[in-house]
Amino acid sequence: MLFSQADEKAKIGDLELADRYVRLARAIGMRHTIRLPRDLKRKFCKHCYGYLGSAERCRVRVNSNMGRVEVKCLNCSKSMYFPTGKKK
Ligand SMILES: [Zn+2]
């Protein structure tokens, strides 16, 4: 799967290629209207579609008051919010 390939590229430090895989996977996903699994959504910026799976690409903060995780993309400086998994 393309997303796991993006992961692998990021692990070996090739973030450019990771980004490319993300875009490719998104393009394919949109064409077939596939919804991204929840855990994958957190790995990619929904604003610029950059790969966020590595620490130097994003800042993650847990906001326990709001019950959410805040992920700031360092590529486009926008933030995303995800509910913490506590409700499960
Ligand atoms: Zn971004």
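Residues numbered from 1 in each chain as written. Predicted model: local features only at pLDDT ≥ 70, side-chain atom pairs only at ≥ 80, totals over all residues. Heavy atoms only, no water.

Visitor: In this structure, what is going on with the coordination of the zinc ion? I would like to understand it.
Guide: Distances from the zinc ion to its protein donors, Cys-45 (SG), Cys-48 (SG), Cys-73 (SG) and Cys-76 (SG), fall within 2.2 to 2.4 Å. Angles of 106 to 113° at the metal separate the four donor atoms of the zinc ion, which places the site in the tetrahedral class. Along the chain, the residues donating to the zinc ion fall in the pattern C-x2-C-x24-C-x2-C. Of this pair, Cys-48 sits in the loop between α3 (38–41) and β1 (58–63) while Cys-76 sits in the loop between β2 (68–73) and β3 (79–83), and the two are 28 residues apart along the sequence. Of the residues examined, Cys-48 reaches a relative accessible area of 17% and is grouped as buried. In this structure Cys-76 comes out as partly exposed when scored by relative accessible area, which is 25%. (Donors = N, O, S within 2.8 Å, 3.2 Å for Na, K, Ca; no water. Tetrahedral: all angles 85-135°; square planar, octahedral: opposite > 155°, others 65-115°. Helix = DSSP H or I, 4+ residues; strand = E, 2+ residues; numbered from the N terminus. Buried < 20%, exposed > 50% of the residue type's maximum accessible area, 1.4 Å probe, protein only.)

Visitor: Explain the packing of aromatic side chains to me, please; I cannot follow it from the model alone.
Guide: Working definition: an aromatic ring pair is given by the centre-to-centre distance plus the angle between the planes. Under the defined criterion, the tally for this structure stands at one aromatic pair. Directly above the ring of Tyr-81 sits Arg-68, whose terminal nitrogen or CZ lies 3.8 Å from the centroid. (Phe/Tyr/Trp six-rings, centres within 6.5 Å; stacked < 30°, edge-to-face > 60°. Lys NZ or Arg CZ within 6 Å of the ring centre and 35° of its normal.)

Visitor: I keep staring at the pairing of β3 and nothing clicks. Help me out?
Guide: The two faces of the sheet receive side chains in turn, since in a regular strand these alternate between them. Side-chain alternation along β3 places Met-80 and Phe-82 on a buried face and Ser-79, Tyr-81 and Pro-83 on a face that remains uncovered. Between β2 and β3, which pair antiparallel in sequence order, lie five residues; one of them, Ser-77, sits at a positive phi of approximately 65°. (Pairing = 2+ DSSP bridges.)

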